[in-house]
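# Reading the structure
Each chain is listed here by its residues.
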Amino acid sequence: MRDRLVLAFVGLTVAVIGLYGVPRAYFLADLVRDQARTDLKGSAAVLEDLVAERQRTGGEVDAALLRGGLVAADRVELDPPAGSALVVGDPAAGTEGVTVARDLPDGSTLRLTVSGESIGASIREALLPLVLLGLGLAIAAAVLGALIARRLSRPFQDLAQFSRDLGHGRFDLDVPTYAVPEADAIGASLRGAASQLDGLVRREREFAANASHQLRTPITALRLNLEDLTLWPETDPAVAAELERGLGELDRLSGAIDELLDLARGRRIEAQQVVDLVAVVRAGEARWSRHLAAEGRELVVGQVGRRSRTRVPLGPLEQVLDVLVDNARKHGRGTITVEVRDAGTHLEIVVGDEGTAQLGPEVFRRGVSSGSAGSEGIGLAVAAELAEVCGGHLSLDTTSATTRFVLWLPPRDRTVTRPAVPAS
């Protein structure tokens, strides 16, 4: 903006100088020519009187007499009625300049000429102050334009910084008022947006904290009851084993709630351990196989490539995998496949089924269902956010004829860290 304002000021000044200077230059050129012609006429009149006086007294009109006309002319020529012409001055002074001729009483012709070079030099000398004035005005316009542009652009630079702070999660913006109406209107909008976002984020975090607290209480009570049941002598060992499995799922649920709460609060989730993706997928197979078998579905796990270890947060990774398998169970059909692939620059977990649902990238937006009429369209959106927490990316494989989701993850030598979002 600043550079454009400076260019606008300089361009406007140059245009004004051009509109004034070009006609002025032509006017000065004509003025120089008229002045040269006037000077020649005066010198010709004086020289004419001298030549006439010399002729009346019977004297000889020689070159010394004619040289008196060189004060205003570059060439003086006396052309008598008979005989050769007498020329003094610059013989090369042609007809491109200014010439004044006088007819003498004896029939001779007196010519005084100023060359085009002399006229041009006089014009350049006359235009020099005009050119210097134009350059001075252009430099002054550039300096003044830079000062005005800096003054006008400073509010917008401040507003750009405030916008970046707002994008980084800082809602306590102290946006001042500006003398520029447009900048002041933008500042008022930023203040209103910061206030609204602050209230929205605060309400969401309060809701997350309240929901977490309300969920922990029944989960804790349920866990205590299940633990008591496993200790009863009357509990069948097979039932006790199932209760132990339920306790493990409750622990996973409690950990997922804590991680989602930390994510809602803007806290950082660190990758604390190296994870074997094949082991994670096998654990997911153990969790889902019985549920899928009861619905007549099958879960197949595979591996392509040798590398399968990475450093990511385990909890979010398991949640993403569960969301993808559950999505394939609800909205897909046929066998569900989960493959761990070594793609060279990264690792992949590919979850697919035999369904042919027509999906697009908008499926990862909240409120967009992946196919079921009763779906609220939030699971895949949460999975995509958790994939970014893991330092990866969740995408839809649009090249496959069946429904396939690809979770991209960093290799082992890359540590996943996420910067904390400043609290409001």
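Right above here is the structure, for reference.
Residues numbered from 1 in each chain as written. Predicted model: local features only at pLDDT ≥ 70, side-chain atom pairs only at ≥ 80, totals over all residues. Heavy atoms only, no water.

## A look at the overall build of the protein
Across its full length, the protein holds 8 helices and 11 strands. Taking all 424 residues of the protein together, 35% fall into the buried category. Excluding contacts between residues fewer than 6 apart, the proportion of contacts in the protein whose partners are at least 24 apart in sequence is 66%. Accessible area for the protein stands at about 24,500 Å²; split by element, carbon and sulfur atoms hold 56% of it. (Helix = DSSP H or I, 4+ residues; strand = E, 2+ residues; numbered from the N terminus. Buried < 20%, exposed > 50% of the residue type's maximum accessible area, 1.4 Å probe, protein only. Contact = heavy atoms within 4.5 Å. Areas by Shrake-Rupley, 256 points an atom, 1.4 Å probe, with all protein chains shown as cover.)

## What to know about the sheet that holds strand β9 (residues 347–352)
Reading across the sheet, the 5 strands line up as β6-β8-β9-β11-β10 and stay open at both edges, with mixed pairing between neighbours. The strands lining the two open edges of the sheet, one partner per strand, are β6 (299–304) and β10 (393–396). Averaged over all pairs of adjacent strands, the angle between their axes in this sheet comes to 15°, without regard to strand direction. Here helix α6 (residues 277–294) sits on the sheet in contact with β6, β8 (336–342), β9 and β11 (404–409), set at roughly 165° to β6. (Pairing = 2+ DSSP bridges. Axes fitted to C-alpha atoms, helices over the stretch in contact; angles between N-to-C directions.)

## So, the sheet that holds strand β2 (residues 86–89)
What the 4 strands build is an open sheet, ordered β2-β1-β4-β3; its pairing is antiparallel. Since the sheet does not close on itself, it has two edges, and those belong to β2 and β3 (98–103), each with one partner. Each strand axis lies, on average, 10° off the axis of its neighbour in the sheet, ignoring direction. Where β3 meets strand β4 (residues 109–114), 6 bridges bridge the pair, whose relative direction is antiparallel. When the sheet's bridge partners are listed, Val100 is paired in β4 with Leu112.

## Examining a nonpolar patch on the surface
A cluster of nonpolar side chains, contributed by Leu128, Val131, Leu132 and Leu135, occupies part of the molecular surface with about 380 Å² of accessible area. Along the chain, Val131 turns up in helix α3 (residues 116–167). (Patch = residues over 30% accessible without salt bridge, like charges linked within 9 Å, V, L, I, M, F, W, Y side chains within 5 Å. Salt bridge = Lys/Arg side-chain N within 4 Å of Asp/Glu carboxyl O.)

## With respect to the nonpolar core
Counting residues in each nonpolar core, the largest one holds 35 residues, and the members touching the most others are Leu317, Ile349 and Leu394. Looking at this core, the elements with two or more residues in it are α6, β6, α7 (314–331), β8, β9, α8 (379–389), β10 and β11. Here Leu317 is in contact with Val275, Leu277, Val280, Val312, Ile349, Cys390, Leu407 and Leu409, once residues within four sequence places are set aside. Ranked by size, the runner-up nonpolar core spans 22 residues in total, among them Leu40, Ala44, Val98 and Leu110. (Core = buried A, V, L, I, M, F, W, Y, C linked by side-chain atoms within 4.5 Å.)

## A few points about α6
If you check α6, its first and last C-alpha atoms are 26 Å apart, about what 18 residues at 1.5 Å a residue would give, namely 26 Å. Taken as a whole, α6 carries its principal kink of about 40° at Trp288. If you check which residues of α6 are buried, you get Leu277, Val278, Val280, Val281, Gly284, Arg287, Trp288 and Leu292. Where α6 begins, one side-chain oxygen reaches toward the backbone nitrogen of Val278, 3.2 Å away; that side chain belongs to Asp276. In the segment just after α6, Gly296 is the residue with positive phi, at about 75°. (Expected span 1.5 Å × (residues − 1). Bend = angle between axes of the 7 residues up to and from the residue. Polar contact = N/O pair within 3.5 Å; in protein donor to acceptor, adjacent residues only side chain to side chain.)

## A closer look at the pattern of salt bridges
What the rule picks out here adds up to 15 salt bridges. In this structure, Asp62 and Arg54 form a salt bridge, with 3.9 Å as the shortest nitrogen-oxygen distance. Take Asp62: its relative accessible area is 30%, and that puts it in the partly exposed class. For Arg54, a relative accessible area of 28% corresponds to the partly exposed category. When the shortest N-O distance is used, the salt bridge between Lys330 and Asp326 registers 3.3 Å. Of the two residues, Lys330 and Asp326 both sit in helix α7, 4 residues apart, roughly one turn of that helix. Each member of the salt-bridge network shares a partner with another, and the members are Arg75, Glu77, Asp79 and Arg111.

## Thoughts on the environment of Glu117
Mapped onto the elements of the fold, Glu117 is located in helix α3. Assessed through its relative accessible area of 58%, Glu117 is described here as exposed. Along the sequence, Glu117 and Gly97 sit 20 residues apart, while their C-alpha atoms lie 7.7 Å from each other.

## Things to note about empty space enclosed by the protein
Taken as a whole and assessed by the stated rule, the structure comprises 1 cavity of 30 Å³ or more. Put simply, the largest cavity is a space of about 40 Å³. Along its surface, the largest cavity is lined by Val281, Gly284, Glu285, Trp288, Leu299, Leu321, Asp322, Val325 and Val338. Only α6 and α7 provide two or more residues apiece to the lining of the largest cavity. Top contributing element to the lining of the largest cavity by residue count: α6, with 4 residues. Split by residue class, the lining of the largest cavity holds 6 nonpolar, 1 polar and 2 charged. (1 Å grid on protein atoms, 1.4 Å probe; cavity = no way out; pocket = protein on both sides within 12 Å on 5 of 7 lines; lining within 4 Å. Points joined across faces, edges and corners; volume = space filled by probe spheres on them. Nonpolar A, V, L, I, M, F, W, Y, C, P; charged D, E, K, R; others polar.)

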